[in-house]
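Spelled out, the chains give:
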Amino acid sequence: MVPVVIEGCTQGTEGGGARGGSISLGLLIDFIVQRTYDELTVLAELLPRKTDMERKIEIYKFSARTRQLFVRLLALVKWASSATKVDRSAHIMAFLDKQALLFVETADVLARVARETLVHARLPTFHMAAAVEVLTVGTYSRLPAVIRERLVPPPSLTPAERRTTLRALAHVVRQRLTTASLPSDVRNLKVENGRATFSVGQEFSVSLTVMGDAPNVPWRLLDIAILIQDNETGEGKPLVHTSQLNWLRGVAQARLASAGLSGALTALRYFCRSLSLELLYTQTLRLCRDRLARHLQVDRYIPGQKLQVSYWRELGCELGYRLIIGAEGETLCVWHVPALVGGERVAAALTPHAPSMERLLAHTVHVRSRQRLNDLKVLLNDLGVECSVGGWPCVLACSVVWPCLRAEQLLVSVGAHGGRLRARVPAYPHTPRMPELAAALTHANRTQVRQFLTHLRFWLVARRCEKTLQHLPASVCEHLPFLHGPDHPLNKLAPDRLYVTLHRHTDHILVNMTITISIYNITSSSSSNGASSTTARAFLKLHSLVELDTFTLTHGPFTPLDTPGMQPGKRKLSAANNRAVRVRQPAYFLPELAHVVAAADERVPFVNLAQELAARGVTHGGVQAEWSGSALGMRIVALPRPEGASEAAAAALRARLLAATVRLTTKNQARVWTAEIVFHGSPVSTPNPKEQGERRCVYLQYELGTDAGRTADAFLADWAAIVHLHTLLYDYMLRPSQERETLWQGVCIRSYTYRSLVLGWGAAARATAVLQWNASTQRYTVATPAHQPAANAHHLLHHHLDHYINWHKDLMSLGVVLRETYAPLLALSRLPTLPQLGLHHVRTLMPTPTFTLLAHSWRKIRIIYAGAYSIEVGIRGGSMVTIRDGSYSKFDRSTVVDEFAPAQGLKTFLSRYVDDNISARLLAEDDNPPSPMSPMPPGGLRFPAPLTPSQPHTPHSAPVTPHPASPAHQIVPAGQPAVLLAKHKILFFICLTRGETQLLLPLVYDVQSNAMQIAERREGQQPHLLAVNMHLKRFAEFNQSHGECILWPAVRDLLINFSLPPDAPQPAAPPPP
């Protein structure tokens, strides 16, 4: 397959080898890629402006066209891999075609010569005599003699004759120069090859010789070279034209003939002097035209005689600053108006061979500037400022502060163009009031100069303060919007002062002055200005102004500014080296200020916290340096007794308290408060190996915020938690040891850290309960963490244990409850709770819950199986439990709850395991014993919020499949989110418990009518249900919600506002410990 040439890509054959067009494969691939990229670019620009269908069509066309092109390229690449033989055959054919073409052209040329050229060709007659002479002798003697006479030059001197002649001529020239009178500025005199070459005054050079050895033979001028150049604007071209140089050579030759050598040199000197003046004049005009039109002017110019130029025209001097260049004798001289000390140095800048007006002005301005700056130096020295003049251009360097860096020096210079004084500080290009200071120096006003120097000194100190504090959390400002009266002590301070604001403590500001450092507490408040009531401006209100003793801060104990031998890095203090090594600090670093600001930044949080603690009755010892000055700490001397804590327990805890210290530490790159409370041992021995020492430390950490009162409250709350928890342990330790050992057999205290108390019981005391005091709720909390190999069995009684310990506040009884309930709860915790399939005889694939455990109190637990059967287990202690059928109502012995089915043969089964010591009353009951109603207090019972968080439900919640034995739905476990749905009604069971008093309320919510009522209505037998039903009706009448589900509002109102009628029975006695 022969490759197809792309459009616009035709490449001719090279050397006529290949037939037809050809192209390189790499070039072809580049073209294809470029074409595809170009089409993609066009599509990207045009497609956004088209419709969706047009974009799809264009993309399809582009894809088809590109695919076809690359398919052809693929075929071409595959063909090219086997095209070696074809290429070799093509080269052979091209070579044969070329040879055939050469043969044809050769035959044509030979035929044309034979037919056209050789027909008229004839040989000439040969000159045999000339040929024989040339071939034999090598020359031709028959040429005409006039050629030798007119065209052939005579033979030149030999090299030996030429050297002899030039040596004799040089001797004659040297003898003539000895007798002639030459100028004193003749340079580079050299006699060589019969001529004398020398330069005069670096202005011109001449070459002379003589045409004979007679003494009266005049000099012959051979050459003149003008040495004056214009290096700045001449562009390398000679200043004298060739024709002018020829004319000058003629004039000099005539003077040599008439006036001798001295006359010719005088004429050449005058010409060069005029040329130098003309060159300086031209350069001055060019400077005025290009750059210095306002500062430079040509006052007068006389060609060949004088040039007068004025500079620094803006200063307005009476005589003006002028520069006069004129001839004095045989050279150019410079005069200055006014007179200039050191003008000879300026004249040395006027070089004869390369005169430059710009260089002459630069030297003049430099010397004039040095003279003016020396006068200023005398003035500033009288004001007590150390100055020095030097540099090019000349600069007056003034050390305003001490020590002073070179970058902080005040540099005063004179403007080269205008002559005005300029003042600047190199380190700070935008230093304020520099033009005013320069103007005061120009007029030599001592009062203003002293005032501006004082302001500059203060400003530089402020910049040093900024650099000193750039790595500290503080910033420097010169003004703050304070709101205070005219008689405030702040107005009595010096006006030149700096305010150092602390970033971490915005209510504290340092006032830095040259003598003292003061600190005051401020708070920001907004106040509207008088111009507009809508515009507000923030002001700072001063509360206190306290002067600090800087000497005590910087020279107190543990301060590195006063510690001898202290060196940075990891070096230690050496006793052998008695000489104190002082660390050199840069001049801009103020160690005293850095130390004061760092100390304030560290101490301000302690000061705020100390004030808040003192306001809350905490006695402390103030801020003190610890650990050789490496940290700060605040020791707590006395802590108050928390509200509600026992006085005896608090006194016993204070007796064990060794020390309490508050420090600032770093945690995860953040600063936090750390309170260390150290106790002496522990009131109880524990098996924990970390709690065996005589020193017990408790660490409390708090965030470092702007509100110190919150930190103080948190610290006192933690202290209250420690005191309340110690109260439990203190009361426990007051019991006789024999009683503790008897009642707590199998129970132990595993850990006591003053913040938490861990009780252990069961096998190897693996079951644990953690007791703590919650400061926010002012209650004890009992946590039952999981332990191996299973979860904690008491997790079911979590909320009831919290209620028990807060009701009785007795650690001994809590331990007994945990021990007596452990075995039954451990057995109950092994019941499977995961849903199983096949429990429903109709919907076998519907998962149904197996066992559900409901804890009504710490001794009453209900077991529900598959939502149909219920068993109530009562823990009696002494390894004894009571079991009853939970399907019967507790309030009516003969009533069966609709949601459950009685367990047939339960009494027969339990009679096998009944204890012989059980009461006869329990044995005499029938198979389905009713549960008696729990007595309630007279006057009604106000139920608190439920112990488990209740959650509102909607009709859209997922239904649970009922058991076929129960016409209603399965009972919902307390505290678990679930809904029982039957058609358009939802059933809830709410169990309200306070101690031994329990109410089981079956509530039915109608989705269609948005109404709530009791499931059972037996007014005569269950008066509390009637009261609940009446309460729900009253709530429905007064709460007319439009479209809102009444379910959750009705339950919430029932929990908060429901009370039983006054004729209700008294509540039962509290449970025994």
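Model, not experiment: these values are computed from the prediction.

Looking at this structure, I do not really get the sheet that holds strand β28 (residues 851–855). What am I missing?
Strand pairing in a sheet relies on backbone hydrogen bonds, with the paired strands running either antiparallel or parallel. Read across the sheet, four strands follow the order β28-β29-β30-β31 without closing on themselves; strand pairing throughout is antiparallel. Every other strand in the sheet has two partners, leaving β28 and β31 (881–885) as the edge strands with one partner each. Mean inter-strand twist for the sheet, computed between neighbouring axes without regard to direction, equals 20°. Relative to strand β29 (residues 860–865), β28 is paired through five bridges, and the arrangement is antiparallel. Residue pairing for β29: leucine 854 is matched across the bridge by arginine 862.

Even after reading the chapter, I still don't get the pairing of strand β11 (residues 410–414), so can you show me in this structure?
In summary, the side chains of a regular strand alternate between the two faces of the sheet. Along β11, five of the five residues are buried, which leaves the element largely enclosed by surrounding structure. Side chains Leu410, Val412 and Val414 project from β11 onto one buried face, and the interleaved Leu411 and Ser413 project onto a second face that is buried too. Note: strand β10 (residues 395–399) against β11, four bridges, orientation antiparallel. Bridge pairing links alanine 397 to leucine 411 in β11.

Whenever I open this one, the sheet that holds strand β21 (residues 657–667) confuses me. Can you help?
With respect to topology, five strands assemble into an open sheet ordered β19-β20-β21-β22-β23, the strand pairing being antiparallel. Edge positions in the sheet fall to β19 (619–626) and β23 (695–703), since each has one partner strand and no second. When strand polarity is set aside, the average angle formed by the axes of neighbouring strands in this sheet is 25°. In the sheet, β21 pairs with strand β22 (residues 670–680) via 10 bridges, with the strands oriented antiparallel. Paired with lysine 667 across the two strands is alanine 670, which belongs to β22. Of the strands in this sheet, β21 and β22 are in contact with helix α15 (residues 647–656), which crosses β21 at around 70°.

How should I be thinking about the pattern of salt bridges in this particular structure?
Tallying each qualifying case throughout the model produces 29 salt bridges. Among the ionic pairs, glutamate 676 bridges to arginine 663, the shortest N-O distance being 2.7 Å. Here arginine 663 lies in strand β21 and glutamate 676 lies in strand β22, a separation of 13 residues in the sequence. An identical accessibility class is assigned to glutamate 676 and arginine 663; each is buried. Here arginine 862 makes a salt bridge to glutamate 872, at a shortest N to O gap of 3.5 Å. Taken together, the residues span a long stretch of sequence, with arginine 862 in strand β29 and glutamate 872 in strand β30 (residues 869–875) at a distance of 10 residues. By relative accessible area, which is 7% here, arginine 862 ends up buried. Salt bridges here are not isolated pairs; linked through shared partners, they connect Glu626, Arg635, Arg663, Glu676 and Arg695.

I'm lost on helix α22 (residues 1023–1038) in this one. Help?
Here α22 is 16 residues long and its end C-alpha atoms lie 23 Å apart, about the 22 Å a rise of 1.5 Å per residue gives. Every buried residue of α22 is listed here: His1024, Leu1025, Ala1027, Val1028, Asn1029, His1031, Leu1032 and Phe1035.

Got a minute to help me understand the packing of helix α11 (residues 434–443) against helix α12 (residues 446–468) in this structure?
Following both chains from N to C, one finds α11 and α12 inclined at 150°, their axes separated by 9 Å at the closest point. Taken together, the axes of α11 and α12 are roughly antiparallel relative to one another. Judged by the twist between their axes, the crossing of α11 over α12 is left-handed. Contacts between α11 and α12 pair Met434, Glu436, Leu437, Ala440 and Leu441 from the former with Gln448, Val449, Phe452, Leu453 and Leu456 from the latter. Residues that form the contact of α11 with α12 fall into these classes: eight nonpolar, one polar and one charged.

What exactly am I supposed to notice about the nonpolar core here?
Nonpolar side chains in soluble globular proteins tend to be buried together. With 70 residues, the main nonpolar core has Ile677, Phe679, Phe715, Trp744, Leu759 and Leu771 as its most contacted residues. When residues in this core are grouped by element, the largest group, 11 residues, is from helix α16 (residues 708–734). Sequence-distant contacts of phenylalanine 715, defined by excluding residues within four places in its chain, comprise Leu613, Leu639, Ala675, Ile677, Leu700 and Tyr702. Counting 55 residues, the second-largest nonpolar core is a separate cluster that includes Leu292, Val367, Cys387 and Val449.

Honestly, unusual backbone geometry in this entry has me stumped. Any pointers?
Most peptide bonds are trans, and most residues other than glycine sit at a negative phi. Here the residue pair valine 337 and proline 338 is connected by a cis peptide bond, since its omega of -5° sits within 30 degrees of zero. Relative to the elements of secondary structure, proline 338 occurs in the loop between β8 (331–337) and α9 (343–347). Between tryptophan 392 and the following residue, proline 393, the backbone shows a cis peptide bond with an omega angle of 0°. Positive phi outside glycine occurs at alanine 866, with the angle close to 55°. Looking at the element boundaries, alanine 866 is found in the loop between β29 and β30. The class of alanine 866 is buried, set by a relative accessible area of 5%.

The rules behind the values
Residues numbered from 1 in each chain as written. Predicted model: local features only at pLDDT ≥ 70, side-chain atom pairs only at ≥ 80, totals over all residues. Heavy atoms only, no water. Pairing = 2+ DSSP bridges. Helix = DSSP H or I, 4+ residues; strand = E, 2+ residues; numbered from the N terminus. Axes fitted to C-alpha atoms, helices over the stretch in contact; angles between N-to-C directions. Buried < 20%, exposed > 50% of the residue type's maximum accessible area, 1.4 Å probe, protein only. Contact = heavy atoms within 4.5 Å. Salt bridge = Lys/Arg side-chain N within 4 Å of Asp/Glu carboxyl O. Expected span 1.5 Å × (residues − 1). Parallel < 35°, antiparallel > 145°, perpendicular 65-115°, else oblique. Left-handed = near helix turned anticlockwise from the far one by under 90°. Nonpolar A, V, L, I, M, F, W, Y, C, P; charged D, E, K, R; others polar. Core = buried A, V, L, I, M, F, W, Y, C linked by side-chain atoms within 4.5 Å.

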